[in-house]
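The primary structure of each chain is shown beneath.
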Amino acid sequence: ARRNGLRIIGPSSMGIASPRPETRLQAALVDVALPAGGVAISMQSGSLGGSLLRKARDVDLGISWFVSLGDKSDISANDLLQFWEFDDNTTVVAMYTESFGNPRKFARIARRVSRTKPIVAVRTGSASVGAASSALYQQAGVIEVPTVPALLDFLPRLIVQRQEAGH
């Protein structure tokens, strides 16, 4: 795949979706009609991703992209951050991270992206072990929330605050 320029999400991914009018991509295992908006979501957990999509729909959270990374054999959260950094339709990035492939690279990219687009994250699994992980998020400018429900509660308020501030 790589030799031919094809990137792969997964394995163990539940897919991707983008409800934006110019994309209208629905390649996720959970068929949820989502409103288009500015929030890009990266999830490592496929099963949790389905619940998050349904809850996002229930709170009318506008989505630019939803990507379930799965086991990250090729595409990682770092790759998504780099893509969303230049995506004009993405204004906020939400992440559910269970592990870091390359923490230094993540910190460097997240620090750069968070200057213009807030990154809100739930950190679990090996990504939540130790003070170093917490310091990594703080230094990179990532806003950490404890749970996915807290993430879904926080995002609409963040979007309103950014709109009021003219962002």
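Here, every reference points to the structure presented above.
The paragraphs below set out a description of the structure included in this document. Since this is a predicted model, take the numbers as computed values, not measurements. (Residues numbered from 1 in each chain as written. Predicted model: local features only at pLDDT ≥ 70, side-chain atom pairs only at ≥ 80, totals over all residues. Heavy atoms only, no water.)

Some words on the overall build of the protein
Thinking step 1. Broken down by element type, the protein carries five helices and seven strands.
Thinking step 2. Counting the 167 residues in the protein, one finds 47% classified as buried.
Thinking step 3. Taking the contacts inside the protein whose residues are at least 6 apart along the sequence as the reference set, 71% of them involve residues at least 24 apart.
Thinking step 4. In the structure as shown, the protein presents an accessible area of about 8400 Å², 52% of it carried by carbon and sulfur atoms.
Thinking step 5. Counting 19 positive and 14 negative side-chain charges, the protein places the centres of these two groups 7 Å from one another. (Helix = DSSP H or I, 4+ residues; strand = E, 2+ residues; numbered from the N terminus. Buried < 20%, exposed > 50% of the residue type's maximum accessible area, 1.4 Å probe, protein only. Contact = heavy atoms within 4.5 Å. Areas by Shrake-Rupley, 256 points an atom, 1.4 Å probe, with all protein chains shown as cover. Lys, Arg positive; Asp, Glu negative; His and termini not counted. Charge placed at Lys NZ, Arg CZ, Asp CG, Glu CD.)

Considerations on helix α3 (residues 103-114)
Thinking step 1. Relative to the 16 Å expected for 12 residues at 1.5 Å per residue, α3 spans 16 Å between its end C-alpha atoms, a close match to the ideal helical length.
Thinking step 2. Taken residue by residue, α3 has Phe106, Ala107, Ile109, Ala110, Val113 and Ser114 as its buried positions. (Expected span 1.5 Å × (residues − 1).)

Looking at the packing of aromatic side chains
Thinking step 1. Taken as a whole and assessed by the stated rule, the structure comprises two aromatic pairs.
Thinking step 2. A cation over an aromatic ring shows up here: Arg123 above the ring of Tyr137, its NZ or CZ 5.3 Å from the ring centre. (Phe/Tyr/Trp six-rings, centres within 6.5 Å; stacked < 30°, edge-to-face > 60°. Lys NZ or Arg CZ within 6 Å of the ring centre and 35° of its normal.)

Some words on the nonpolar core
Thinking step 1. Among the nonpolar cores identified, the biggest contains 26 residues, and Val39, Ile41, Leu52, Phe66, Leu151 and Leu155 are the most heavily contacted of them.
Thinking step 2. Those elements that provide at least two residues to this core are β3 (36-43), α1 (46-58), β4 (63-68), β5 (92-97), β6 (119-123) and α5 (148-164).
Thinking step 3. Residue contributions to this core peak at five residues, all from α5.
Thinking step 4. In this structure, Leu52 is in contact with Ile41, Met43, Phe66, Val148, Leu151 and Leu152, ignoring residues within four places of it in sequence.
Thinking step 5. By size, the runner-up hydrophobic cluster in this structure holds 22 residues, among which are Leu81, Phe106, Ile109 and Ala110. (Core = buried A, V, L, I, M, F, W, Y, C linked by side-chain atoms within 4.5 Å.)

Let's talk about the environment of Arg108
Thinking step 1. Structurally, Arg108 can be placed in helix α3.
Thinking step 2. Once the C-alpha coordinates of Arg108 and His167 are considered, the two residues, 59 residues apart in sequence, prove to be 23 Å apart.

Some points on the sheet that holds strand β2 (residues 25-28)
Thinking step 1. Sheet architecture is open: seven strands sit in the order β2-β1-β4-β3-β5-β6-β7, paired in mixed fashion. The two strands at the open ends of the sheet, each matched to only one other strand, are β2 and β7 (143-144).
Thinking step 2. As paired strands, strand β1 (residues 15-18) and β2 are joined by four bridges and run antiparallel to one another. Within the sheet, the bridge partner assigned to Gly15 lies in β2 and is Ala28.
Thinking step 3. α5 rests against β3, β5, β6 and β7 of the sheet, and its axis sits at about 165 degrees to β5. (Pairing = 2+ DSSP bridges. Axes fitted to C-alpha atoms, helices over the stretch in contact; angles between N-to-C directions.)

Comments concerning the side chain of Ser18
Thinking step 1. Here Ser18 is to be found in strand β1.
Thinking step 2. Once residues lying within four places of it in the same chain are set aside, the contact partners of Ser18 are Thr23, Arg24, Leu25, Ser64 and Trp65.

A word on the side chain of Glu85
Thinking step 1. Counting through the fold element by element, Glu85 comes out in helix α2 (residues 77-85).
Thinking step 2. Assessed through its relative accessible area of 15%, Glu85 is described here as buried.
Thinking step 3. Looking at Glu85, its side chain comes within polar contact range of the side chain of Arg112, at 2.9 Å.
Thinking step 4. Other than its neighbours up to four places away in sequence, Glu85 contacts Arg112, Val113 and Lys117. (Polar contact = N/O pair within 3.5 Å; in protein donor to acceptor, adjacent residues only side chain to side chain.)

As for the pattern of salt bridges
Thinking step 1. Scanning the entire structure with this criterion turns up nine salt bridges.
Thinking step 2. With its nearest N and O atoms 3.0 Å apart, the salt bridge here joins Arg20 to Asp87. On the criterion of sequence distance, the pair formed by Arg20 in the loop between β1 and β2 and Asp87 in the loop between α2 and β5 is long-range, its members being 67 residues apart.
Thinking step 3. Looking at Arg20, the relative accessible area reads 8%, which means it is buried.
Thinking step 4. Residue class for Asp87 comes out buried when judged on its relative accessible area of 8%.
Thinking step 5. Here Arg112 makes a salt bridge to Glu85, at a shortest N to O gap of 2.9 Å. Of this pair, Arg112 sits in helix α3 while Glu85 sits in helix α2; the two residues are 27 residues apart in sequence, bridging distant segments of the chain.
Thinking step 6. Among the charged side chains, a salt-bridge network with shared partners connects Arg2, Arg7, Asp74 and Asp79. (Salt bridge = Lys/Arg side-chain N within 4 Å of Asp/Glu carboxyl O.)

Just distances and angles here, no functional claims.
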